[in-house]
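Per-entry structural report
Read off the chains here:
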Amino acid sequence: MSEPIRLEYTVPGDDFARAGEASADLKATLKKLGVPAAAVRRISIALYEGEINLAIHAGGGNIDVAIGDEDVEMVLSDQGPGISDVEQAMQEGFSTASAEVRSLGFGAGMGLPNMKRYTDEFHIQSTVGVGTTITMRVNID
């Protein structure tokens, strides 16, 4: 097994024009590496949702990606307000996004559910006042 390819991205807060750059870059990289299209699609959707959440709710954050022979792991971390009720936040349609964010077409409450739906492993750890770390893994075989 070869060493994983590691990529790092920074997502700025409240910059919806730039949110999506990491998922677009990762998608292009995975295509160049010959990762199957179905896996590229799932990874791109999950990461895009994560980027949007970082921009909307956390004031930005960091994404660390490890591309291995068998899977892609994405770790999103922030020092935002944290999630007080993770179970509630995982419910489709639940959102704490502002009216302004919703008017831009974001904040429909599908980010976390879609991140879980499109990944093979999904873990979320959040502490109010400290931040959130989400780890996602997608098998690429």
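Residues numbered from 1 in each chain as written. Predicted model: local features only at pLDDT ≥ 70, side-chain atom pairs only at ≥ 80, totals over all residues. Heavy atoms only, no water.

Remarks on the overall build of the chain
- Summing up its helical and strand segments, the chain has five helices and five strands in all.
- Across the chain, helices and strands are ordered from the amino to the carboxyl terminus as β-α-α-β-β-α-α-α-β-β.
- By the compact-globule yardstick of 14 Å for 141 residues, the chain fits well, its C-alpha radius of gyration being 14 Å.
- Summarising its shape, the C-alpha atoms of the chain cover approximately 45 × 25 × 25 Å along the three principal directions.
- Taken across its 141 residues, the chain has 43% of its residues classed as buried.
- Considering only residue pairs separated by 6 or more positions, the chain has 64% of its internal contacts joining residues 24 or more positions apart.
- For the chain, the accessible surface area stands at approximately 7,500 Å², while carbon and sulfur atoms represent 48% of it.
- Taken together, the 11 basic and 21 acidic charged side chains of the chain have centroids lying 6 Å from each other. (Helix = DSSP H or I, 4+ residues; strand = E, 2+ residues; numbered from the N terminus. Rg over C-alpha atoms; globule rule 2.2 N^0.38 Å. Buried < 20%, exposed > 50% of the residue type's maximum accessible area, 1.4 Å probe, protein only. Contact = heavy atoms within 4.5 Å. Areas by Shrake-Rupley, 256 points an atom, 1.4 Å probe, with all protein chains shown as cover. Lys, Arg positive; Asp, Glu negative; His and termini not counted. Charge placed at Lys NZ, Arg CZ, Asp CG, Glu CD.)

Let's talk about the UniProt feature "domain: Histidine kinase/HSP90-like ATPase" (unreviewed entry) in the chain
- Those residues carrying the UniProt feature "domain: Histidine kinase/HSP90-like ATPase" (unreviewed entry) are residues 18-137 in this numbering.
- Here residues 18-137 is 41% helix and 24% strand, with 23 Å between the C-alpha atoms at its ends. (UniProt positions renumbered as here; feature names shortened; annotations may be inferred.)

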